[in-house]
2 protein chains.
Amino acid sequence: MARTGGFAGPVGLVGLGLIGGSLALDLQRQGHQVHALVHRPGTAERARQRRLAQTVDTDASVLAGCRLVVLALPLDRLLEPPAELVAALPARAVVTDVGSVKAPVLERWRRLHPRFVASHPMAGTADAGVEAGRPDLFRGRPWVATPAVDTEPAALAEVRALAETVGACWLTCDAEAHDRAVALISHLPVLVSAALLLAAERGAAAEAPGSDLPQLVRVLASSGFADTTRVGGGNPELGTLMARCNRQAVAKALSGYRACLEDLEQLLLAADWDGLEAELGRCHRLRPEFL
Amino acid sequence: MARTGGFAGPVGLVGLGLIGGSLALDLQRQGHQVHALVHRPGTAERARQRRLAQTVDTDASVLAGCRLVVLALPLDRLLEPPAELVAALPARAVVTDVGSVKAPVLERWRRLHPRFVASHPMAGTADAGVEAGRPDLFRGRPWVATPAVDTEPAALAEVRALAETVGACWLTCDAEAHDRAVALISHLPVLVSAALLLAAERGAAAEAPGSDLPQLVRVLASSGFADTTRVGGGNPELGTLMARCNRQAVAKALSGYRACLEDLEQLLLAADWDGLEAELGRCHRLRPEFL
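This write-up is about the structure you can find in this document. Here the residue index of a chain counts from 1 through its sequence in written order. For this description, chains carry letters from A and ligands carry numbers from 1, given in the order in which they are written. In keeping with the model being predicted, local features are shown solely for residues with a pLDDT of at least 70 and side-chain atom pairs are shown and tallied solely at 80 or more, while totals for entire chains, interfaces and linings include all residues. Remark: hydrogens and water are excluded; side-chain values derive from all non-hydrogen atoms of the structure.

Another aspect to go through is the pairing of strand 4 (residues 68-71) of chain B. Residues and elements named next belong to chain B. Buried means the residue's accessible area, taken with a 1.4 Å probe over protein chains only, is under 20% of the maximum for its type, while exposed means over 50%, and partly exposed covers the values in between. The helix and strand labels rest on DSSP assignments: H or I over at least four residues marks a helix, E over at least two residues marks a strand, and numbering proceeds from the N terminus. Because side chains alternate across strand 4, one face comprises the buried residues Leu68 and Val70, and the other comprises Val69 and Leu71, equally buried. Inspection of the sheet shows strand 1 (residues 11-14) paired to strand 4 by 4 bridges, in the parallel sense. For Val11, the partnering residue across the bridge sits in strand 4 and is Leu68. Any two strands with at least two DSSP-identified bridges between them are counted as paired. Two strands pair when backbone bridges link them, and strand 4 and strand 5 (residues 94-97) are joined in this way by 4 bridges, in the parallel orientation. Bridge pairing links Val70 to Thr96 in strand 5.

On to empty space enclosed by the protein. Residue and element names in this part refer to chain A. We place a 1 Å grid over just the protein atoms. Points where a 1.4 Å probe fits but has no way out form a cavity, open points with protein on both sides within 12 Å along at least 5 of 7 lines form a pocket, and any residue with an atom within 4 Å of a point lines it. Grid points are joined across faces, edges and corners, and a volume is the space filled by probe spheres set on the points. Enumeration according to the criterion identifies 1 cavity of 30 Å³ or more in this entry. Considered as a void within the structure, the largest cavity measures approximately 30 Å³ in volume. Every residue lining the largest cavity is listed: His187, Val190, Leu191, Gly239, Met242, Ala243 and Val250. Secondary-structure elements contributing two or more residues to the lining of the largest cavity are helix 7 (175-205) and helix 10 (236-245). Grouping the amino acids of the lining of the largest cavity by side-chain chemistry returns 5 nonpolar, 2 polar and no charged. As a working rule, the residues Ala, Val, Leu, Ile, Met, Phe, Trp, Tyr, Cys and Pro are called nonpolar, Asp, Glu, Lys and Arg charged, and the rest polar, with Gly in that last group.

All names here are of chain A. A sheet is described by the order of its strands in space; here 3 strands give the open sequence 7-8-9, paired in mixed fashion. The open sheet terminates on both sides in strands that have one partner only, identified here as strand 7 (119-121) and strand 9 (169-172). For this sheet the average axis-to-axis angle between neighbouring strands, irrespective of direction, equals 20 degrees. Alignment of strand 7 against strand 8 (residues 142-145), held across 3 bridges, turns out to be antiparallel. Across the sheet, the residue bridging to Pro121 is Trp143, located in strand 8. With respect to the sheet, helix 6 (residues 153-165) is in contact with strand 7, strand 8 and strand 9, its orientation differing from that of strand 9 by roughly 150 degrees. As a rule, the C-alpha atoms of each element are fitted with a line to give its axis, helices using only the stretch in contact, and angles between N-to-C directions run from 0 to 180 degrees. Whether two residues are in contact is decided by their heavy atoms: any pair within 4.5 Å suffices.

Time to look at the environment of Gly275 of chain B. Residue placement: Gly275 of chain B occurs in helix 12 (residues 273-286). Along the backbone, Gly275 of chain B and Ser211 of chain B are 64 residues apart, and their C-alpha atoms lie at a distance of 35 Å.

Moving on, we get to helix 1 (residues 18-29) of chain A. Residue and element names in this part refer to chain A. For helix 1, spanning 12 residues, the distance from its first C-alpha to its last is 17 Å, which sits close to the expected 16 Å at 1.5 Å a residue. The buried fraction of helix 1 amounts to 10 of the 12 residues, a majority that puts the element mostly inside the structure. Restricting attention to buried positions, one finds in helix 1 the residues Leu18, Ile19, Gly20, Gly21, Ser22, Leu23, Ala24, Leu25, Asp26 and Leu27. Looking at the buried positions of helix 1, the neighbouring elements they touch are strand 1 (11-14), strand 2 (34-37), strand 4 (68-71), strand 7, strand 8 and helix 6. Backbone geometry just downstream of helix 1 places Gly31 in the positive-phi region, at approximately 85 degrees. Each helix should span, by expectation, one fewer than its residue count multiplied by 1.5 Å.

What follows deals with the interface of chain B and chain A. Contacts between the two partners involve 90 residues from chain B and, on the opposite side, 90 residues from chain A. Here the quantity called buried area is the accessible surface, traced with a 1.4 Å probe, that two parts lose on coming together, added over both. Of the roughly 8600 Å² buried where chain B meets chain A, counting both sides, 69% is carbon and sulfur surface. When residues of chain B are sorted by the area they lose upon contact with chain A, Leu220, Arg287 and Phe290 of chain B head the list and together hold 8% of the total. By definition here, a salt bridge exists when the distance from a side-chain nitrogen of Lys or Arg to a carboxyl oxygen of Asp or Glu is within 4 Å. One can count 16 salt bridges joining chain B with chain A. Note that Lys252 of chain A is salt-bridged to Glu207 of chain B, the shortest N-O span being 3.6 Å.

With that out of the way, let us pick up the environment of Val94 of chain B. Residues and elements named next belong to chain B. As for its placement among the helices and strands, Val94 is situated in strand 5. Sequence separation between Val94 and Gly12 is 82 residues; the distance between their C-alpha atoms is 10 Å. Not counting residues up to four positions away in its chain, the partners in contact with Val94 are Arg67, Leu68, Val69, Arg115, Val117, Ala155, Glu158 and Val159.

Moving on, we get to the packing of helix 11 (residues 247-269) of chain A against helix 12 (residues 273-286) of chain A. Residue and element names in this part refer to chain A. Viewed as axis vectors pointing N to C, helix 11 and helix 12 meet at an angle of 150 degrees, and their least axial separation amounts to 8 Å. Between helix 11 and helix 12, the angle is such that the two are roughly antiparallel. Both helix 11 and helix 12 take part in a crossing whose hand is left-handed. In contact with Leu264, Leu267 and Leu268 of helix 11, helix 12 contributes Trp273, Gly275, Leu276 and Glu279. Partitioned by chemical class, the residues of the contact of helix 11 with helix 12 number 5 nonpolar, 1 polar and 1 charged. Any angle from 65 to 115 degrees is called roughly perpendicular, while one under 35 is roughly parallel, one over 145 is roughly antiparallel, and all others are oblique. For a crossing to be left-handed, the near helix must be turned anticlockwise from the far one by less than a right angle; the clockwise case is right-handed.

All names here are of chain A. Evaluation of the coordinates by the stated rule reveals 36 salt bridges over all chains. Arg48 serves as the salt-bridge partner of Glu45, at 3.3 Å between the closest nitrogen and oxygen. Taken as a pair, Glu45 and Arg48 lie in helix 2 (residues 41-49) at a separation of 3 residues, close to a single helical turn. Since its relative accessible area comes to 39%, Glu45 is described here as partly exposed. Taken together, the salt bridges that share partners define one network made up of Asp26, Arg29, Asp136 and Arg139.

All names here are of chain B. In plain terms, two cysteine sulfur atoms within 2.5 Å form what is called a disulfide here. Summed over the entire model, instances satisfying the criterion amount to 0 disulfides over all chains. In this structure Cys260 is a free cysteine whose sulfur lies 8.7 Å from that of Cys283, the closest cysteine sulfur available. On the accessibility criterion, Cys260 (1% relative accessible area) is buried.

Residues and elements named next belong to chain A. Stacked, tilted and edge-to-face pairs are distinguished by plane angle, under 30 degrees for stacked and over 60 for edge-to-face with tilted covering the rest, among Phe, Tyr and Trp rings (Trp via its six-membered ring) whose centres lie within 6.5 Å. Applying the stated criterion to the full structure yields 6 aromatic pairs over all chains. Here the aromatic rings of Phe138 and Trp143 are separated by 5.6 Å at their centres, their planes lie at 45 degrees, and the arrangement is tilted. The exposure classification of Phe138 matches that of Trp143, with both residues buried.

Geometry only, nothing functional implied.
Have a look at this one:
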């Protein structure tokens, strides 16, 4: 596949949340023309105040002259796109998305646009919305594309150039492999972490009436609890969308997780401290491989 | 109970790891005499180089003149203390510990020393050993004491003064309540987090031969995975000791956790997205209560 060594603007952004807004800032800083389509007039106004794009509009015609369009939409809107958005995408433009689940997006969009490339920049903060975008969000982070057999090589090269322009590390893989991987390292942690919050609350509340345990767990929780529950206490809509759009892989990951936890529980119940320490030692050695 | 408004030195520290070393630095900065007993000559040498205490020795007689002795030992050594340590503790000194499990420590030590106070400063970093101690580790952190009916009020007041001298927030509770609380917010997270590392590795490895999933999960894991697995990838000896010394409460916490996770799994399998979002919303609201 030939590399273009860069991409020619103007770039269209559909959505100016954390991902769209951050892309907008990076691209403008490098002199690219950015035209953005947003849903609400109020969002458009705030985006203009933040100078997130040269043009911000709620009318899809703003995308007319764009050669590359990034669909920076939540998964549900990406999977059920408004007809007027699809109609407004220039037929010659390369179109990509930023969704965190790839197989259903690819399945849907390969039928909607001839130059679609499914991709997923793996970057984020706890923030969302039109105020969330910030420069350099993608620097050093993976940007995964999941081409299908009919994905156009030149379109893929354009998206790669976009990713590399904002400092991301490009890689490609199969869409199903991507979805299984993010189920294990991104979607499963949300549920595992959420259940810890529920267990701490319910476990404390289940004590005898008058017990000070509900207050005690809240006072004593420290940085370990804070870290382990961060993703579980995050955006509920986002967590639900991920589970919904990646249901099968998440269910499989959960089932595998349950088996791993039960193994540790068995060691505890059997008072097999050498066995438990061996497993925790394995975890201690494993973790750096993921960082 | 009368507050002393401070405590009179000299202070004896048994162990100069993260907790002992940090206490040593804070106490010396405030002009207190600190005498430390350590296990190995090499540790004593490094502690002297770091000026962690006025006197550092491997002979328990170093504690002879101390009016307050802090047993900053790992749980296993605390529960099976060397006879020469017990013999060397001045009968008139107040003796406290820093163990993260309280009922077994209290049970053991109330028989070993008349002025023992069970306590637990809830502070930590990922570091351990004689190089780990640092100033201000306890500032703003809870320091929990778990007095028994026969704990001497004046001894408790001395330990409170120690805790407040290093800036900790003093509280007292029942030893069993403490142990159930830390099972939920400190020991359970270690196992939940460890199982996530095992599940990510096993889930990826279980794919068909030649799959790039094992590599993919490692490359794509981001800050969410890093945070959620931090305590599970920590010190294996420490994690095992906690589970071993708080086995019953940890087993109960694990069983409650399993139920919470299965509830989330059922919502996923039933495709009950409103239900899942409601539970994740509950987690989102719960988490700030713990921080």
